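Structure assessment
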Amino acid sequence: MDVFSRTFLPAAAEAGLAVQTVGRHMPVFRRCVGSGDATILVTRCSRPERPAGGEYLLLLTHRRLVVTQQTRVLHRLRLHLNTELRELSNVTWSPDPRTHSVELAATAIDGIRERFLIRNNDPKQMWQLDTLLNHAFRTRLRPAQERIVATIGEAPVNSRPATLRPAVVR
């Protein structure tokens, strides 16, 4: 069993997802996530701007965020979002203790702002989710810094001028 399967199934069970739901969404997740990528979170979510848009399932791994949508009428699965975490910008989340929910928002690489509302029954789960999101987006990702590999016309800092030595002929 690969890393993804070993971590996805316990995370889905912890979220209280039905086996049928997991089985239906698993092929879509499999196509998006590598076998060596560990699951951080699997949960149901909704979109605040589209409350009647169907059911969404959010998968967060160490490298990717994948969201699938199941339509209400025909129960068809559709991939809503599939992106690497480093391609997301302006990632924010805000826990709401009154409603036991967390709103996650991020701007995808195409510039579209995505918002997801994750509801929990238990306030402890809400704070646990806050900790998971903090771990995924703040501690694991480092801001992209400009790296200078080489400049044209300048000698490397630690280099010495080459010295020519005569070859020994025997």
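Scroll up to find the structure.
Summarised in this report is the structure supplied together with it. (Residues numbered from 1 in each chain as written. Predicted model: local features only at pLDDT ≥ 70, side-chain atom pairs only at ≥ 80, totals over all residues. Heavy atoms only, no water.)

A word on the pairing of strand 1 (residues 39–45)
The test is simple: Note on classification: 1.4 Å probe, protein chains only; a residue is buried when its accessible area is under 20% of the maximum for its type, exposed when over 50%, partly exposed between these limits. A run of H or I in DSSP becomes a helix once it reaches four residues, and a run of E becomes a strand once it reaches two; helices and strands are each numbered from the N terminus. Two strands form a pair only when DSSP identifies at least two bridges running between them.
For strand 1, the tally of buried residues reaches six of seven residues, placing the bulk of the element in the interior. As defined by bridge partners, strand 1 adjoins strand 2 (residues 55–61) across six bridges and the pair is classed as antiparallel. The partner of Thr-39 across the bridge, within strand 2, is Thr-61.

Considerations on the packing of helix 1 (residues 3–14) against helix 2 (residues 19–32)
The geometry of a pair of packed helices is captured by two quantities: the angle between their axes and the separation between those axes. Threshold: Each axis is a line fitted through C-alpha atoms, taken for helices only over the stretch in contact, and angles between the N-to-C directions span 0 to 180 degrees. Put simply, a crossing is left-handed when the front helix is turned counterclockwise from the back one by less than a right angle, and right-handed when it is turned clockwise. Note on contacts: a residue pair is in contact if any heavy atoms of the two residues lie within 4.5 Å. Three residue categories are used. Nonpolar comprises Ala, Val, Leu, Ile, Met, Phe, Trp, Tyr, Cys and Pro, charged comprises Asp, Glu, Lys and Arg, and polar comprises the others, including Gly.
The N-to-C vectors of helix 1 and helix 2 enclose an angle of 145°; their axes lie 12 Å apart at closest approach. The chirality of how helix 1 crosses helix 2 is right-handed. Across the interface between the two elements, Phe-4, Ser-5, Phe-8, Leu-9 and Ala-12 from helix 1 touch Val-22, Met-26, Phe-29 and Arg-30 from helix 2. Residue classes in the contact of helix 1 with helix 2 are distributed as seven nonpolar, one polar and one charged.

So, helix 2
Which entries qualify depends on this criterion: Helices are assigned an expected span. That span is 1.5 Å times one less than the residue count. Here the bend at a residue is taken as the angle between two axes, fitted respectively to the seven residues that end there and the seven that start there.
The terminal C-alpha atoms of helix 2 lie 20 Å apart, and with 14 residues this matches the ideal 20 Å at 1.5 Å per residue to within 8%. Maximum bend of helix 2: about 40°, positioned at Met-26, with proline Pro-27 one to four residues after it. Those residues of helix 2 that are buried are in contact with helix 1, strand 1, strand 2, strand 3 (64–70) and strand 4 (77–84).

Section: the side chain of Ser-5
With respect to the element layout, Ser-5 can be found in helix 1. Discounting residues that sit within four places of it in the chain, Ser-5 has contacts with Pro-10 and Arg-30.

These figures come from the coordinates and say nothing about function on their own.
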